[in-house]
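For reference, the chains in residue letters:
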4 protein chains.
Amino acid sequence: MDDLSSKREACGIFGVYGAENPADLIYLGLYALQHRGQESAGIVVSDGTSVVAHKGMGLAPDVFKNGLPANMKGHLGIGHVRYSTTGSSMLKNAQPFLVEQIDRAFALGHNGNIVNISELRRKLEARGAIFQTSTDSELIAHLVLHKKGSLEERLIKAFDELKGAWSLVMLTPDAILAARDPFGFRPLCIGRKGDAIIFASETCALDIIDAEYIRDVEPGELVIADHNGIRSIQGPRRSHSAMCIFEYIYFSRPDSMIFEHGVYQVRKQLGLQLALEAPVEGADVVVPMPASGNYAALGFSQGSGVPFEYGVIRNHYVGRTFIQPSSAIRNLGVRLKLNPVREILQDRKIVVIDDSIVRGTTSKLRTRALREAGAREIHMRISCPPIKFPCFYGVDFSSKGELIACSKTVEQICDFIGADSLAYLSLEGMFRAMPLPAKDFCSACFTGKYPVKVVDEYTKTCLECRTSECLHWP
Amino acid sequence: MDDLSSKREACGIFGVYGAENPADLIYLGLYALQHRGQESAGIVVSDGTSVVAHKGMGLAPDVFKNGLPANMKGHLGIGHVRYSTTGSSMLKNAQPFLVEQIDRAFALGHNGNIVNISELRRKLEARGAIFQTSTDSELIAHLVLHKKGSLEERLIKAFDELKGAWSLVMLTPDAILAARDPFGFRPLCIGRKGDAIIFASETCALDIIDAEYIRDVEPGELVIADHNGIRSIQGPRRSHSAMCIFEYIYFSRPDSMIFEHGVYQVRKQLGLQLALEAPVEGADVVVPMPASGNYAALGFSQGSGVPFEYGVIRNHYVGRTFIQPSSAIRNLGVRLKLNPVREILQDRKIVVIDDSIVRGTTSKLRTRALREAGAREIHMRISCPPIKFPCFYGVDFSSKGELIACSKTVEQICDFIGADSLAYLSLEGMFRAMPLPAKDFCSACFTGKYPVKVVDEYTKTCLECRTSECLHWP
Amino acid sequence: MDDLSSKREACGIFGVYGAENPADLIYLGLYALQHRGQESAGIVVSDGTSVVAHKGMGLAPDVFKNGLPANMKGHLGIGHVRYSTTGSSMLKNAQPFLVEQIDRAFALGHNGNIVNISELRRKLEARGAIFQTSTDSELIAHLVLHKKGSLEERLIKAFDELKGAWSLVMLTPDAILAARDPFGFRPLCIGRKGDAIIFASETCALDIIDAEYIRDVEPGELVIADHNGIRSIQGPRRSHSAMCIFEYIYFSRPDSMIFEHGVYQVRKQLGLQLALEAPVEGADVVVPMPASGNYAALGFSQGSGVPFEYGVIRNHYVGRTFIQPSSAIRNLGVRLKLNPVREILQDRKIVVIDDSIVRGTTSKLRTRALREAGAREIHMRISCPPIKFPCFYGVDFSSKGELIACSKTVEQICDFIGADSLAYLSLEGMFRAMPLPAKDFCSACFTGKYPVKVVDEYTKTCLECRTSECLHWP
Amino acid sequence: MDDLSSKREACGIFGVYGAENPADLIYLGLYALQHRGQESAGIVVSDGTSVVAHKGMGLAPDVFKNGLPANMKGHLGIGHVRYSTTGSSMLKNAQPFLVEQIDRAFALGHNGNIVNISELRRKLEARGAIFQTSTDSELIAHLVLHKKGSLEERLIKAFDELKGAWSLVMLTPDAILAARDPFGFRPLCIGRKGDAIIFASETCALDIIDAEYIRDVEPGELVIADHNGIRSIQGPRRSHSAMCIFEYIYFSRPDSMIFEHGVYQVRKQLGLQLALEAPVEGADVVVPMPASGNYAALGFSQGSGVPFEYGVIRNHYVGRTFIQPSSAIRNLGVRLKLNPVREILQDRKIVVIDDSIVRGTTSKLRTRALREAGAREIHMRISCPPIKFPCFYGVDFSSKGELIACSKTVEQICDFIGADSLAYLSLEGMFRAMPLPAKDFCSACFTGKYPVKVVDEYTKTCLECRTSECLHWP
């Protein structure tokens, strides 16, 4: 899977308290988290009294191409990059979501997906609440501000009613708050740079500003950073977590620590495990599908002793807007991003490592291109099990179209893409490669076992068939 | 060296005769050649009678973001991507250069650098020629159109007067012509897609349109493609060539064939040779500086048996416009692009492979970042000899600022960047890694031995000192 | 006063029910109402079920420069052009304001100013309402949606609590509603085009779409247009109205009917009255300050028998963005817009007609320019009394800076601007020129007598001194 | 005719020598001359040595929306606004045209039309000249630079070969030159601001920078301004001139002096003359078609005693880009710009004054709109004779489509547009209103008598029929 073109990522969030130049730090943090959302970006900063926001469509460098607003001064702030999993793609849906109450501004940035949104929203609307968007973040803001008590009390009450996945950074004029749902679906870490406290989706956003990684916000925890320093309220927590295993497999940057463990090594372990489970005898080279297959391919190579080579080269300019020149030439598309290297592939028996097969059509085209470049045998190895079930906690698999693994056996898929052999990593193998126990992961996309019940009817359709009568549905 | 940020590349050229949709093919070809020039892009297409051109500043996808012009129809055309080595960065300097004579349009795209431009231009101006730019391409057009005879005769005569490096694609309303200077400084290849003839700077531009690579345009050769097919006029050719060795080391895409040999394997050979010449005993990992060090690092790893690891991760969104948020934070710059991976580096003795050290300041920052990420020992290995002399044939080393290798010994450089050891590949080692004899390369940037005498006074300065009294000058 | 540069205008609103192409009609209507607001523009359209909105910063042609959105289909809609009198200039403040309730969308566009906004907003926030802007329109939406009952009942209840000026167009998925405050401060008219019902701030917006003018929405009236046709609910109405007299003097387009009478003739009457009150014996020509002085000048000419001439010509390209080239040349500014015609002015005794003197600095520069162009005597006549008091009902006089008439006598002003004589129209003369009785106008800007008490403290400052201890304050 | 929408104007030129801030003055001058060309704008400035240029598509404020380039310093410069009469609308055709010779830069801006361009260009191309555009200005530059001798000598020689209309401003690194063809078709005046010498198409460009009007450049004269002051070379001059009479009737701004006489009074005289020739008995009001009919209407009113009224109001925002919302509503177009005022027209017998009838379709729609607004009788009066012949000297009548007066009698036109009567000013009447003798005007568009023979075949077509066999052709 190509990590730039497939925008499945939910969102990236960032917060800072106690810095001289919070907007600069947030901007850099969003730049590091850009892979988690390319649709919109926004920053909200406070100087203790007045709150300044700027949001826009596109990447962070596009949104701030004229520089950071001159009046964006203060010592605390939050930022957000977004790819929509709920709500359509419009500026008004961009986050952080800012509430301009007369006495207290309140802003929040959200990563995840609330599954009982319709139910909660109807309840709030019946009490006079006005909704201007269809986003989770507006719902959370309403829920919080309709409660009574201190902000912390309101948050704890609101979290009681929310179902689903939420990692949150929140801003009041003089404090930053961060929270994670009781299952800890999505990551959220805490760092420190001098006296400043940082919150971020991934540690790569700490690295870019040279901040030190302290620990993760715990599942169910609410952390408050203000002029008194940092304090924590541990809310209800389940007996086990449900951390998204796909963060390790594909989402997060390889240089991040996620759930307190390094992603790079997990991916290499997936490759090593794959080499054990599905070796290819007599293979000449191991070739990664760039860029997401690189680490598992290194692991496979080290585990099998088969040399690692860049058999497919990626155009560095991919990722920019590319206007398809004309329909006549559209079928050349596959070569825009990736070019097989004949001198590596010619007459070779190759092992191709990728992290997933989605609809299979791209894999089919790539397999054909590898063969045209001279590969004698092509053995495809996938570094996780087949994805068969939709995600309701913040990952937009459905935008990828129908998943081939929903309707075809591994053998049929191998046949479809035209490989000489195909193997996926087993569920057990995947868990073995992980640094945490299986029970603490959400792996519903592989198993169909959903940690939080999904009540909204929009989820009652099979990802494959888009119908509720489908037999594939668990 | 990072291949996106350092825009030293001269230009990329592309031509096609006999296709149904030449603009589409050219656009894709320029997309594949984008690494050779990011400043401007342009396409000229003819239907045998009328000639349509479109040029603009920026990358090809930016220039054609509204699609290819509807009237850009025909069966032949040329394209160009540019980074200026002569002339400043303005739209009027964008190529292809188009002459709108009443009876015959003439367009050309040029890669290289003419060294006797001032002399030729004064001569032409004295005869009434009007220059609207300071580009080589306008000079060549004038020189050609001031001659008498058929276009081919004029070209041959013009080539007699030109000194320096030129790879050219040219368009008349009904033919495409391609030519290379007698020394063959810059590459130019010929391909075929169905009945269409293609010319391109690199074979990766053939691959993207699924065209077959035939051969290179020979040094001194003029190739004409028109309705009679393809024919060739072999002009004067030197006893040996002077092909740019830097195309193999850094410029060209690794998936291209250059001078009829694959770039990828050359770079791996450079790494293998480096492992022989400058091994690091007891090293734990080989780490490439992404992305240009990847192939030499693979070679070094395979040659030395030290495992290859991605110790430094590159942000995929680098390459887009990045507005520095504020001066306060500018020194974090080095981490915008590259992030060291602690879990790979911690307590390790590492070998870092890069393809050059320019001013040394970036290398110094990176070395420090590697150490902060826990590296115990850092051994820097460079896959070519030190660059000490300016290039007058199309490579803009001078834009990189002063080269540290001009004024410091290897030991001093090692000290400056703070590595535990530093070694460059030897001149002999470099030639040993090459697929062609040393005598057929221009390696003046390493040796100061210039194949074509440089007469213009602007060249009479030392790259290091920018003064003509410098002792470094050969 | 120059009607393009001084953006004092509150807003323009437009609504249509029962047309095939409501977005087209709204767009044209906004184009005709553009003089009432240049800051942002927006359109909301419904097809009975789904509601589509598009808003943006700038003039209507800028906001819709890529055409009307393809999905903006239906048979009803509203539109708005805005110049902010409350809330700063940002996209989120652009109107129509759209509420996306799950079951019922609700949108509104507002012209006027609510004076008890802070009080109402605190009350609503205490009940959990979330405000995302500081605009009147969001307040009105909240107030309406917090009430119980049918939409009509809610509106009537909400109007009871609102104090100040409001002309409103509102949209539900299947109806358009229009309302005017009990004093009728701002205009709002009803028209018909075939079967479609139109609402608009001015009749010029009916003319542009070839619709017929029916009547005005009455002060205190709520008009509903839906599939049952049009019906009316007459809310509480004061014994007399308080229609803004400045709509006749300056705001509205001369070709509009306002408060059911033509603006053009009122302006001419003001000029005729001025000729009676303040004649200039022996004058050679009457010269209007373009473009707003044209009609009063015609009246003055016809009343006095002094010939009308264009002594000052207006650059037609004024109104576009003009970047001041450099500070060195900024004092030439006055000539950018207006150029005196020497052949008309040379050695003449001239009467200059304008509709106001604001700070006096522009008038001073223009008087000097007229003298330099040869005028022998300059007699300034103003077609209304001096403006001395701020407006709290939707006119942003304060943005004009300090009004000279607050602190200087007419004699002192004459002296300041360097005219040979200066006269303003009297209060009585102004009312005599009006087509409606004096008691039905708000003329607080001249008299300081405010029809609706202003409770918010932000209004307790003198327009001149910006302090609450000022003696100028009534 | 509406002076913003009909872009018939050739060009505006401006030059300055000896100012501290030439770019500022040129920018303002172009702003004043904007009505002469809206397609592109450009400025070239020199400091005696280096020459800096900036050009772009659109109005001057658009081209310089980011301010004047910081390096545009010096003491002399020229500027140009363009509407193409030759060459299509592209950036490369924007003027001033700049030649970057090694030793001497040379730039020029041109207003007019060269009629023997093809002949001259073939001659130059045969001698090796390279043309990059199809503009007159490039041709003139080539012609000048191919001559021998001093620049002045070359210019005089070049002018001998040029046929047609040219008003020119030219720049060398240290001098400004201005010239006018021997017939003086197009205007060009000289002004002074302090020590600086100014050249401009119209005096309104002197007024805007507060410069004093000295005199016109004479037909056939070459004026040079440099550090020695100003000097003149009088070239060949015809026994009589051929100044464009249409500059008085429509082109120039009313506040300009053209050919040393004020435009405003000429237009009023045309109206007075029209009142004498074609009175309307019992008329109630005289109504101008805004804005170009205003002055003739004032003259008609003063000559006839019939009151002048603004019966038609112009939308001030016309002139900006207006995207037609949809085809369904396109026929409302006429009301976008102009709105009839019912209270002025109702039951009145009106005289409508316009400066031309082009295709008649717009006049027909407007006449119908006036009638719908209640006018009882409509008597159309045109302030010049019918235009029947194409202009080859810089006015693009042909872009207006077919002229109705080519194929219809006055009676038929009256019938077509639906007026109660129609009268044009007579040829004699027009000349009587002029401040110069008839023999010194070019009035070929009315008479078909062309002062300079037109040799290029592209002119051998009738404006009406676009065929060479047409009987309308003289």
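Thresholds, definitions, all that
Residues numbered from 1 in each chain as written. Chains lettered and ligands numbered in written order. Predicted model: local features only at pLDDT ≥ 70, side-chain atom pairs only at ≥ 80, totals over all residues. Heavy atoms only, no water. Helix = DSSP H or I, 4+ residues; strand = E, 2+ residues; numbered from the N terminus. Buried < 20%, exposed > 50% of the residue type's maximum accessible area, 1.4 Å probe, protein only. Contact = heavy atoms within 4.5 Å. Areas by Shrake-Rupley, 256 points an atom, 1.4 Å probe, with all protein chains shown as cover. UniProt positions renumbered as here; feature names shortened; annotations may be inferred. Pairing = 2+ DSSP bridges. Axes fitted to C-alpha atoms, helices over the stretch in contact; angles between N-to-C directions. Salt bridge = Lys/Arg side-chain N within 4 Å of Asp/Glu carboxyl O. Patch = residues over 30% accessible without salt bridge, like charges linked within 9 Å, V, L, I, M, F, W, Y side chains within 5 Å. Lys, Arg positive; Asp, Glu negative; His and termini not counted. Charge placed at Lys NZ, Arg CZ, Asp CG, Glu CD. Least-squares fit on C-alpha atoms with pLDDT ≥ 70 in both. Buried area = accessible area lost by both parts, 1.4 Å probe. Polar contact = N/O pair within 3.5 Å; in protein donor to acceptor, adjacent residues only side chain to side chain. Parallel < 35°, antiparallel > 145°, perpendicular 65-115°, else oblique. Left-handed = near helix turned anticlockwise from the far one by under 90°. Nonpolar A, V, L, I, M, F, W, Y, C, P; charged D, E, K, R; others polar. Disulfide = S-S within 2.5 Å. Right-handed = clockwise from strand over helix to strand, strands pointing away.

A. Representation of the overall build of chain A in the model. When helices and strands are counted, chain A shows 16 helices and 23 strands. For chain A, the proportion of its 474 residues judged to be buried stands at 65%. Taking the intrachain contacts of chain A between residues at least 6 apart in sequence as the baseline, contacts between residues at least 24 apart amount to 69%. Taken as a whole, chain A presents about 16000 Å² of accessible surface, with 49% of it coming from carbon and sulfur.

B. Summary view of the UniProt feature "binding site: Mg(2+)" (unreviewed entry) in chain A. Residues and elements named next belong to chain A. Under the UniProt annotation, "binding site: Mg(2+)" (unreviewed entry) lies at S292, D354 and D355. Maximum C-alpha separation among the annotated residues is 7.1 Å over a sequence range of 64 residues, consistent with a single clustered spot. Assessed through its relative accessible area of 5%, D354 is described here as buried. Assignment of secondary structure puts D355 in the loop between β20 (349-354) and α12 (361-372). Of the residues examined, D355 reaches a relative accessible area of 1% and is grouped as buried.

C. Summary view of the sheet that holds strand β11 (residues 212-216) of chain A. Residue and element names in this part refer to chain A. Spatial strand order, β3-β2-β4-β1-β10-β9-β11: seven strands in an open sheet with antiparallel pairing. A strand with exactly one partner marks an edge of an open sheet, and here the two such strands are β3 (51-57) and β11. The average undirected angle you get between the axes of adjacent strands in this sheet is 15°. One ladder, built from seven bridges, connects strand β1 (residues 11-17) with strand β4 (residues 76-82); its direction is antiparallel. From the neighbouring strand, F14 faces β4, where its bridge partner is G79.

D. Seen up close, helix α4 (residues 136-146) of chain A. All names here are of chain A. Within α4, eleven of the eleven residues are buried, which leaves it mostly tucked inside the rest of the structure. Here α4 has its buried residues at D136, S137, E138, L139, I140, A141, H142, L143, V144, L145 and H146. Tucked inside the fold, the buried residues of α4 contact β5 (97-100), β6 (105-114), α3 (117-126), α5 (151-161) and β7 (164-172).

E. A look at unusual backbone geometry. The omega angle of the peptide bond from Q95 of chain C to P96 of chain C is 0°, so this bond is cis rather than trans. Residue placement: P96 of chain C occurs in the loop between β4 (76-82) and β5 (97-100). A positive phi is found at F259 of chain B, a non-glycine position, where the angle reads about 50°. Within the secondary structure layout, F259 of chain B lies in the loop between β15 (257-258) and β16 (261-262).

F. Highlighting the pattern of salt bridges. Residue and element names in this part refer to chain A. According to the stated counting rule, one finds 56 salt bridges over all chains in the structure shown. For R253, the salt bridge identified is with D255, shortest N-O distance 2.7 Å. Accessibility assignment for this pair places R253 and D255 in one class, buried. Residue D440 is joined to K439 by a salt bridge in which the shortest nitrogen-to-oxygen separation is 3.4 Å. The buried category is assigned to D440, whose relative accessible area is 13%. Several salt bridges share partner residues, and in doing so they unite R36, R186, E202 and E247 into one network.

G. Focus on a positive patch on the surface. All names here are of chain A. Taken together, K123, R127, K148, K163 and K453 make up a surface patch of like positive charges. When you line up the elements, K148 lands in the loop between α4 and α5. The exposure class of K148 is exposed, given its relative accessible area of 57%.

H. Fine view of the environment of S239 of chain C. For S239 of chain C, the position within the fold is in the loop between β13 (229-234) and β14 (243-244). Along the backbone, S239 of chain C and P290 of chain C are 51 residues apart, and their C-alpha atoms lie at a distance of 38 Å.

I. View of the relation of the copies chain C and chain A. Relative to chain A, chain C is turned by 179° and slid 0.0 Å along the rotation axis, the superposed coordinates differing by an RMSD of 0.1 Å. Accordingly, the operation relating the two chain copies is best matched by a two-fold axis. Closest to the rotation axis within chain C is the C-alpha of A129 of chain C, separated from it by 3.1 Å.

J. How the structure looks around the sheet that holds strand β21 (residues 377-382) of chain C. Residue and element names in this part refer to chain C. Judged by pairing direction, the sheet is parallel, and its four strands sit side by side in the order β17-β20-β21-β22 without closing on themselves. The open sheet has two edge strands with one neighbour each: β17 (285-288) and β22 (421-424). Each strand axis lies, on average, 20° off the axis of its neighbour in the sheet, ignoring direction. As paired elements, β21 and β22 share four bridges and run parallel to each other. Its bridge partner lying in β22, H379 is registered against S421. Where helix α8 (residues 263-277) meets the sheet, its contacts fall on β20 (349-354), β21 and β22, and the angle it forms with β22 comes to roughly 125°.

K. Here's a closer look at the interface of chain C and chain A. With 28 residues of chain C in contact, the opposing surface of chain A contributes 28 residues. Summed over both sides, the interface between chain C and chain A buries roughly 2300 Å², with carbon and sulfur atoms accounting for 46% of that surface. Looking at the side of chain C facing chain A, the largest losses of area belong to I102, I130 and Q132 of chain C, adding up to 29% of the total buried there. Between the two partners, chain C and chain A, sit zero salt bridges. The interface formed by chain C and chain A holds twelve residue pairs in polar contact (both at pLDDT 80 or more) in total. Among the secondary structure elements, those contributing two or more residues to the side of chain C that touches chain A are β5, α3 (117-126) and α4 (136-146) of chain C.

L. Summary view of the environment of L270 of chain D. All names here are of chain D. Tracing the chain through its elements places L270 in helix α8 (residues 263-277). Accessibility expressed as a relative area gives 1% for L270, which makes it buried. Measuring from C-alpha to C-alpha, the distance between L270 and S383 comes to 5.8 Å, with 113 residues separating the pair along the chain. Contact partners of L270, with chain neighbours within four places excluded, come to I249, S383, L425, M430, A433 and M434.

M. Representation of the packing of α3 of chain C against α4 of chain C in the model. All names here are of chain C. Axis separation between α3 and α4 bottoms out at 10 Å; the angle between their running directions is 45°. The pairing of α3 with α4 is recorded here as oblique in orientation. Crossing handedness for the pair α3 and α4: left-handed. Every residue of α4 that contacts α3 at I117, L120, R121 and L124 is listed here: D136, L139, H142, L143 and H146. Class assignment for the residues of the contact of α3 with α4 results in five nonpolar, two polar and two charged.

N. Layout of the pairing of strand β5 (residues 97-100) of chain D. Residue and element names in this part refer to chain D. Sheet analysis places β5 next to strand β6 (residues 105-114), joined by four bridges and oriented antiparallel. Across the sheet, F97 pairs through a bridge with L108, a residue of β6. Here β5 hands over to β6 after four residues, the two strands then running antiparallel side by side.

O. Representation of the side chain of R253 of chain A in the model. Relative to the assigned elements, R253 of chain A resides in the loop between α7 (246-251) and β15 (257-258). By relative accessible area, R253 of chain A is classed as buried at 11%. Once you skip the residues sitting within four places of it in the chain, R253 of chain A turns out to touch A32, H35, E202, C204 and V263 of chain A together with N315 and N339 of chain B.

P. Here's a closer look at the state of the cysteines. Per the stated rule, a full pass over the model turns up zero disulfides over all chains. C384 of chain C takes part in no disulfide bond, and the closest cysteine sulfur to it belongs to C445 of chain C, at a distance of 7.7 Å. Looking at C445 of chain D, it has no disulfide partner, and the nearest cysteine sulfur is the one in C442 of chain D, 6.7 Å off.

Q. The arrangement of the pairing of strand β21 (residues 377-382) of chain D in detail. Residue and element names in this part refer to chain D. Where burial is concerned, most of β21 is hidden: five out of the six residues are buried. Strand direction decides the pairing type here: strand β20 (residues 349-354) and β21, joined by six bridges, are parallel. Paired with V351 across the bridge in β21 is H379. As for the winding sense of the linkage, the β-α-β connection from β20 through helix α12 (residues 361-372) to β21 is right-handed.

R. Just a nonpolar patch on the surface, in detail. Together, M57 and L91 of chain A together with M57 and L91 of chain C make up a nonpolar patch on the protein surface, roughly 290 Å² of accessible area in all. Here L91 of chain A lies in the loop between β4 and β5. Among the residues examined, L91 of chain A registers a relative accessible area of 33% and is labelled partly exposed.

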